[in-house]
Amino acid sequence: MATQKPTRTPAEIEDIILRKIFLVSLIDSMENDPRVVYLEMSAAEIMSEGKELKLSRDLMERIVIDRLSGGFVAAEPPFQYLVNCYRRAYEEGKKISSMKDKTVRSEIEIVVKQAKKLAVSYCRIHLGNPDMFPNHDTNKSSNVSPLLPLVFSEVGGSLDGIGGSSSGASSAPGFLEEFFRDADYDSIEPVMKQLYEDLRGSVLKVSALGNFQQPLRALLMLLNFPVGAKALVSHPWWIPKSLYLNGRVIEMTSILGPFFHVSALPDHAIFKTEPDIGQQCFSDSSTRRPSDLNSAFTTIKTVMNNLYDGLAEVLKCLLKNTNTRENVLEYLAEVINRNSSRGHLQVDPLSCASSGMFVNLSAVLLRLCEPFLDANLTKRDKIDPNYVFYGNRLEMRGLTALHASSDEVSEWFDSNTAKADNGQNRLLESQEATSSSSNASKPSLLRNSNPVPRSSEKVKYTFISECFFMTARVLNLGLLKAFSDFKHLVQDISRSEETLSSFQAMQRQAPSPQLQQDITRLEKEIELYSQEKLCYEAQILRDGGILQRALSYYRLMVVWLVSLVGGFKMPLPPTCPKEFASMPEHFVEDTMELLIFASRIPRALDGVVLDDFMNFIIMFMASPEYIRNPYLRAKMVEVLNCWMPPRSGSKTTGTLFDGHQLSLEYLVKNLLKLYVDIEFTGSHTQFYDKFNIRHNIAELLEYLWQVPSHRNIWKKIAKEEEKGVYLNFLNFLINDSIFLLDESLNKILELKEIEAEMSNTVEWERRPAQERQERTRVFHSQENIIRIDMKLAMEDVSMLAFTSEQITVPFLLPEMVERVASMLNYFLLQLVGPQRKSLTLKDPEKYEFRPKVLLKQIVTIYVNLAKGDKDNIFPAAITRDGRSYNEQLFGSAADVLRRIGEDGRMIQEFVLLGEKTKIAASDAMDAEAVLGDIPDEFLDPIQYTLMRDPVILPSSKVVLDRPVIQRHLLSDSTDPFNRSHLTADMLIPDVELKAKIEEFIKSQELKKRGESLGAQTAKATIQTTDTTTLID
C-alpha cells in the first residue's frame, strides 16, 4: 500500500515559494542551486528572536535587504536579481491558479503580489541610488540605464527588419507597467532622466535606415505614464539652456532633437548619420535597375512615414496633457525662433538645424493640423490674426509683410497696444472707484500695485491659432526651404554636367593632366550631387502624403487670408485692411512655391481642389495695393503657367480657365496690368527680371487668346482701356521686342566672330589653353543669350501679330503709331536689308532663330494695321522713321515671301501698303517744302519736328508736342527735364502757341499755292520713276 504524501501547511508553502522567488535560504546547504544565497546573519537573527527558519511575508523585505546588502560576489547583480525576482514571482503566480484550496490560494496570491511589488520598489530604489547596494557586475555600463534593454524588449524590435534589434534582455509581463505606473515622481525622476538621455543617445547618429523605431516606440511608451510625461518636459535638456544656444545645439542636445534629426536628407559631414543612405541606396544610380531605385524609394518613404506618425503621437500625447501642453509649445517656439536664419539664402549648417529636422517637423505639424483641415474649413474663424502682432511665443513682427513696412507694423502695434492699455487702466480706475465707495476700509488693488499694461502680458490663444502659425513658420523654414534646396541642387548638377562636357571636349582636342584631374573631380562631384538629389526625391517628391497635407494646409491659408479682406469677391476694397497688409509675406510666397513644385510632379494635384487658389491668384496678382512685392505677384503667374491645360496634363486644372467666373471676368485684365507693373520692380536686376516674368505672362495670354470667351474680354479691354492699361501694355511689348531682337542680332555677330576663330584650327591651337578655355566659355554664354533673347522676341512679335488681326485702334493712336512703325521698319531692315547675310547661322533652329517665320509675322502686322487704318495715317508714320525706312525693303520682303510660298493675297496687300508709303513720303516732302524754314519755337525740343498740339509741362514749363510727351509717359511717369512726377492729365494745352503754329502753316501754304501745280507734276514724275526701278 502506497504511503500518502504529507500535506504541507500554508506557512511551508509560503516558505517554499518565497525561497524560489528570492533565491535565498535560511538553512545552509539546503539547496543545490548555485544561485541560492545562504543568509547566515539573517538566520541567526531570526533564531535569536525565537522564530522558525522559514521565509514569510513579514520577513520578505528584511531578507531582500540582506540579500542586496550582503555583497555576495558570485550572486546576480542587484538590478538583474530584482528583475528576475519579479519574473519568478510571475511564474509562481501562474502555478498558484491550480491550487484546489481557495483559502490557501488566496493567501499565497497575496504573498506573490507583495513579492512583485517589493521587487519593483527596490528596483526603483536601486536605480535612483545605484551605490546603495554592492554591485559586483563586471559587465555593467554606468552610462546606460539597465532599464533600457527591458524597455526595448517591451516595445519589440524594429519594423521590417530595418535597423538593429534589442540585446535579448526582457522583463516579465507587467514589470514595467508596475514600475512606472505606481511610482512616486520624486523617486522616479532621476531614473526617467537617465532613460531619456539614453534614448536620445541611441538615435543621435542614426539615419532613416538605422534603428530609430525601437527608441521612438520606447519614448512613446514612457510618455503614456503621467510621471513619464512630466519627467520629460522637466528634463534640463527638454529645452537646453546655454549662452551659445542656437538651432543646431537644440537639435543635437535636446531630448527630442535627435529624433527629429533622423532623416534621408543630406547633412553636414560633422553630423553624418549611419547608414549613409546616399551611398547605400543611390550610388552609381545611372547604372542601377529602375526596380532597385523604386524599391529604395518605397523603403525610405515607408520608414519616414513611420517616423512622422511616431513623432506626431509623441507630441499629441504631451499636448493632450494640460500639464505638459505649454512645455511642448515652448519647445516648438524655441526651435522655430532659434532657426529663423534658415529662411536666408545661405544657411550656416553649424548654427542652424538640419533640413531633415525641419522637413520632419513640417510633416509632424501638418499631422497636428489635420483636425481643422476639413473640406469646408469650418474652424478657420478660430485663427486669430492678432497672434502675429501680440503673440509672445513666435518672433514674427520682424518678418517682411505683404504690404506694410516694418515701421507701419510697429506703429500699428504700438497704437493698438496703447489703446488697450488705456482701456484697461480706465476699467481698473472705474472698478476702484466703485469698490472704494462701497468699502473704503479695504485696501485698493490699484493704489497698492501698478496696473500691468497689456503689452507686457502673455496673451493666451487657442491651440488652433498656435498650431496654424507655428506650422506656417515651420513649413517656411522646412519643407519649402527643402524645395528651394532641391531646385538649387538640380541647377548645380546641370552646371557641373555642362562644365564636364566642355572639359571633355577640350581634353579630346588638347589633352592635359590638369584637365583630367578636373574631369575626375567633376565626375565625383556629380555622383555626390546625384545621390543627394535622389535622397530628396525619396523623402519628399515621392511622398504624395506630405504634399497633399501641405496643399490642404495652404488652401486653409489662402481662404483665411481672403477672409481678412471680406471674402472671395471683386473688386477688392480700395483700402487694404491692416491685418492683411501686415501678414508675413512668406505666407503667400510659400503657397505659390508649393503649387509650382507640386504642379511639376506627375499626379501630385490629382484630387486637389484648386478653385480657392485660383480665386486668390486672380484677386491679388495685379493688386500692388495689397501685395507690394512684384516678384511675389509674378510668382502667381508662374503658378497659372504651370496649370495651362496644354502643359499641366492634369484634369484638375482643365476647368480653371474656361469655366471659372472670376477667371473669365478678371484674368486677362489683371495679366495685362501685371505686364505693365513689372517694368519697375525696384530691384537692381529689374531690367532683366522683367523679361522672364513677361515670358510667363505672354505664354498665358497666348493660350487665353485661343479661348473665345477670354478673347472677347480681351477685345473689350482694348476698346475700353485703349488710352490706359492696354496702351501701356502695347508700349512695353514693343519696347521689349525691339531690345530683345537687337540684343540677339548683335550677339549673333559676336558668336560668328568666335566661330571664325575656332574654325582656323592652326591659329586656334597656337593660343594658350587658358585663353581657348575662356573664349569657349564666352561662346557658350553667347549661345545661351541668343537662344533666350530670340525666343522671347519671337514670342512678343507673335503676340503683336495675332492681336493686331482683331485689335488695331491702340496701335494707330497718335502717341503709338510712329513707335509701331519704327519697330516694324527696324525688323524688316534686319531681315531683308543689305546686312541680312551677316546673320546667317549654321543651325538657326538651335538658337530659336526662325527668320522666315519672323518675316511673315512682321508682314502680317503691317497688313493687319493697314486694314484697320481708317484715317490713312499708317503709311505716313512708316515714312517718318528716318533710321530704318527704305521703300525698297517692301519689294525685297515680298520677293522673299513669294519664294517661301506664303499667301499671295497677303503679299499683294503688303505691296499695296508699300505703294502707299511711297506716296506718303512724297507728300511729306511737299509739305516740308511748303513750310520752308520753321521757327524754333514751333519745333518740338525732343524730336525737332513741327508741333501740332503743343502742351506745357507743369513742373519744368517746357513745351512739347502732345504725342511726343505721351509716348514718353507710357514708359516713364516723370518730366523728362527734371524727373518730377507727371501724368497725361497734368499736361497744360498751350492754346496761344497752337494758334500761332496754325497761322504759320496757313501763311506758308498761301505762299506756295501758286507753285502747287508744278510741284504736283514733279511729284508724279518722281513716283513713276521710282516704281519702275522697284519693279525692274
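Throughout this document, residue positions are counted from 1 along each chain, in the order its sequence is written. At least 70 in pLDDT is required for a residue's local features to be given in this predicted model, at least 80 for side-chain atom pairs to be given and counted, and no such filter applies to totals for whole chains, interfaces and linings, which use all residues. For the side-chain quantities, the full set of heavy atoms in the structure was used; hydrogens and water were omitted.

*Asks:* Tell me about the sheet that holds strand 5 (residues 988–989), and name the residues and values.
*Replies:* Sheets are built from strands paired through backbone hydrogen bonds, the pairs being either parallel or antiparallel. Strand order in the open sheet made by the three strands is 4-3-5, with antiparallel pairing throughout. What marks the edges here is a single partner per strand, and that holds for strand 4 (959–961) and strand 5. We call two residues in contact whenever any of their non-hydrogen atoms come within 4.5 Å of each other. Only C-alpha atoms enter the line fits that serve as axes; for helices the fit covers just the stretch in contact. Angles between N-to-C directions range over 0 to 180 degrees. The numbering of helices and of strands both runs from the N terminus, where a helix is a DSSP run of H or I of at least 4 residues and a strand a run of E of at least 2. Along the sheet, helix 41 (residues 962–971) makes contact with strand 3 (950–952), strand 4 and strand 5, crossing strand 4 at roughly 90°. Each pair of strands is called paired provided DSSP finds at least two bridges between the two strands.

*Asks:* Describe helix 10 (residues 226–234), naming the residues involved and giving the relevant values.
*Replies:* Along helix 10, the positions that sit buried rather than exposed are Val227, Gly228, Ala229, Ala231, Leu232 and Val233. Against helix 7 (175–181), helix 8 (185–202), helix 9 (213–223), helix 14 (290–320) and helix 15 (325–338) lie the buried residues of helix 10. Each residue is assigned to one of three classes by its accessible area relative to the maximum for its type, calculated with a 1.4 Å probe on protein chains only: buried under 20%, partly exposed between the two thresholds, exposed over 50%.

*Asks:* Please set out the packing of helix 36 (residues 814–832) against helix 37 (residues 851–868) residue by residue, giving values where relevant.
*Replies:* Contact pair helix 36 / helix 37: the axes reach a minimum separation of 10 Å and the direction vectors enclose 145°. Note that helix 36 runs across helix 37; the crossing there is left-handed. Residues Val820, Leu824, Asn825, Phe827, Leu828, Leu831 and Val832 of helix 36 touch helix 37, and the partners they reach there are Pro851, Leu854, Leu855, Ile858, Ile861, Tyr862 and Leu865. Looking at the contact of helix 36 with helix 37 residue by residue, the classes come out as 13 nonpolar, one polar and no charged. Two helices cross in a left-handed way if the nearer one is turned anticlockwise from the farther one by less than a right angle. They cross in a right-handed way if the turn is clockwise. Each residue gets one of three labels, nonpolar for Ala, Val, Leu, Ile, Met, Phe, Trp, Tyr, Cys and Pro, charged for Asp, Glu, Lys and Arg, and polar for the others, Gly among them.

*Asks:* Go over the pattern of salt bridges, please, and point to the residues and values.
*Replies:* For this document, the term salt bridge refers to a Lys or Arg side-chain nitrogen within 4 Å of an Asp or Glu carboxyl oxygen. Here the structure, examined in full by the defined rule, presents 52 salt bridges. Its salt-bridge partner being lysine 846, residue glutamate 783 comes within 2.8 Å of it at the nearest N-O pair. With glutamate 783 in helix 35 (residues 769–804) and lysine 846 in the loop between helix 36 and helix 37, this pair connects stretches of sequence that are 63 residues apart. The residue lysine 856 makes a salt bridge to glutamate 902 at a minimum N-O spacing of 3.5 Å. Remark: glutamate 902 occurs in the loop between helix 39 (888–899) and helix 40 (904–931) and lysine 856 occurs in helix 37; sequence separation between them is 46 residues. Note on lysine 856: relative accessible area 37%, which makes it partly exposed. Classification of glutamate 902 by relative accessible area gives partly exposed; the value is 23%. Each of Glu45, Glu49, Lys51 and Arg62 takes part in a single network of salt bridges with overlapping partners.

*Asks:* Would you mind going over the state of the cysteines in detail, with residue names and values included?
*Replies:* Only a pair of cysteine sulfur atoms within 2.5 Å qualifies as a disulfide here. Applying the stated criterion across every chain yields a total of zero disulfides. The closest cysteine sulfur to the non-disulfide-bonded cysteine 535 is located on cysteine 281, 7.3 Å from its own sulfur.

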